[in-house]
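What follows is each chain in one-letter form.
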Amino acid sequence: MKHTLFIPTAHETIKNIDIDLMSKYIIDDFENYWFHDTSDAAIQYFEDDKHIADMIIGTNIKYGIFLHYINAKEEKLSLYDETKLSEVVDGANCDLEVSTGLFLPKELAWEVIKEFLETGKASDKIRWISLDDIPENGNYF
């Protein structure tokens, strides 16, 4: 049996977050949720009580949502604009800087997050890159 844990930085952990509530956080209430209370979050995916994968979510009010997928075999970073991997911007409410090219529009990010919540897998709806693909003057968290 599968289950998920949604772990925001400024709120209680939610087991098996409702898809509609997560959609509200990502799409409908994006600015209020991510830029007033929470700066980033993680989702953990489990099958039969075994931890399978994580998805770290970072946000920027201008550029959207950055995703970092991690499982036992690999780590992947969301890629939206390869030409902007050397440009870095602050994540919401935090000191970390992230390459601008890693941020997805929130609607596209939502599709990837929803698929992760359902399957625990990195969606093929976007391009992913490895951590080694980040240039020396780029960054991720």
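Right above here is the structure, for reference.
Described below are features of the structure shown in this document. The model shown is predicted, which means the values in this text are computed figures rather than measured ones. (Residues numbered from 1 in each chain as written. Predicted model: local features only at pLDDT ≥ 70, side-chain atom pairs only at ≥ 80, totals over all residues. Heavy atoms only, no water.)

Side note on the side chain of Ser23
Part 1 of the argument: Locating Ser23 in the fold gives a position in helix H1 (residues 19-28).
Part 2 of the argument: Ser23 sits in the buried class, given a relative accessible area of 18%.
Part 3 of the argument: Setting aside anything within four residues of it in sequence, one finds Ser23 in contact with Asp28 and Trp110. (Helix = DSSP H or I, 4+ residues; strand = E, 2+ residues; numbered from the N terminus. Buried < 20%, exposed > 50% of the residue type's maximum accessible area, 1.4 Å probe, protein only. Contact = heavy atoms within 4.5 Å.)

Here we look at the packing of aromatic side chains
Part 1 of the argument: On inspection of all chains with the given rule, the structure shows eight aromatic pairs.
Part 2 of the argument: Cluster of aromatic residues (ring-pair linked, three or more members): Phe6, Tyr25, Tyr33 and Trp34. (Phe/Tyr/Trp six-rings, centres within 6.5 Å; stacked < 30°, edge-to-face > 60°.)

Some words on the nonpolar core
Part 1 of the argument: Phe6, Met22, Trp34, Leu67 and Ile113 are the most contacted members of the largest nonpolar core, which totals 28 residues.
Part 2 of the argument: Mapped onto this core, the elements with two or more residues apiece are H1, helix H2 (30-37), strand E3 (40-47), strand E4 (50-60), strand E5 (64-71) and helix H3 (106-119).
Part 3 of the argument: Within the second largest apolar cluster, 12 residues are counted, among which are Ile56, Phe66, Leu77 and Ile129. (Core = buried A, V, L, I, M, F, W, Y, C linked by side-chain atoms within 4.5 Å.)

Some thoughts on the pairing of E3
Part 1 of the argument: Note that strand E1 (residues 2-8) and E3 share seven bridges and pair antiparallel. For Phe6, the partnering residue across the bridge sits in E3 and is Ile43.
Part 2 of the argument: In terms of strand pairing, E3 meets E4 through eight bridges, oriented antiparallel. Within E4, the residue paired with Glu47 across the bridge is Lys50.
Part 3 of the argument: Connecting E3 to the next strand, E4, in antiparallel fashion are two residues, including Asp48 with a positive phi near 50°. (Pairing = 2+ DSSP bridges.)

Considering unusual backbone geometry
Part 1 of the argument: With phi around 50°, Asn16 is a residue other than glycine that occupies positive phi space.
Part 2 of the argument: Its location among the elements puts Asn16 in the loop between strand E2 (14-15) and H1.
Part 3 of the argument: Looking at Asn16, the relative accessible area reads 41%, which means it is partly exposed.
Part 4 of the argument: Here the phi dihedral of Asp48 falls at roughly 50°; this positive angle occurs in a residue that is not glycine.
Part 5 of the argument: If you trace the backbone, Asp48 turns up in the loop between E3 and E4.

As for the pattern of salt bridges
Part 1 of the argument: Under the criterion given, the structure shown has four salt bridges.
Part 2 of the argument: Between Lys76 and Glu74 there is a salt bridge, and its shortest N-O distance comes to 3.7 Å.
Part 3 of the argument: Salt-bridge contacts for Arg127 lead to Glu82; the nearest nitrogen and oxygen are separated by 3.4 Å. With a gap of 45 residues between them, Arg127 in strand E10 (residues 127-129) and Glu82 in the loop between strand E6 (75-79) and strand E7 (88-90) connect regions that are remote in the sequence. (Salt bridge = Lys/Arg side-chain N within 4 Å of Asp/Glu carboxyl O.)

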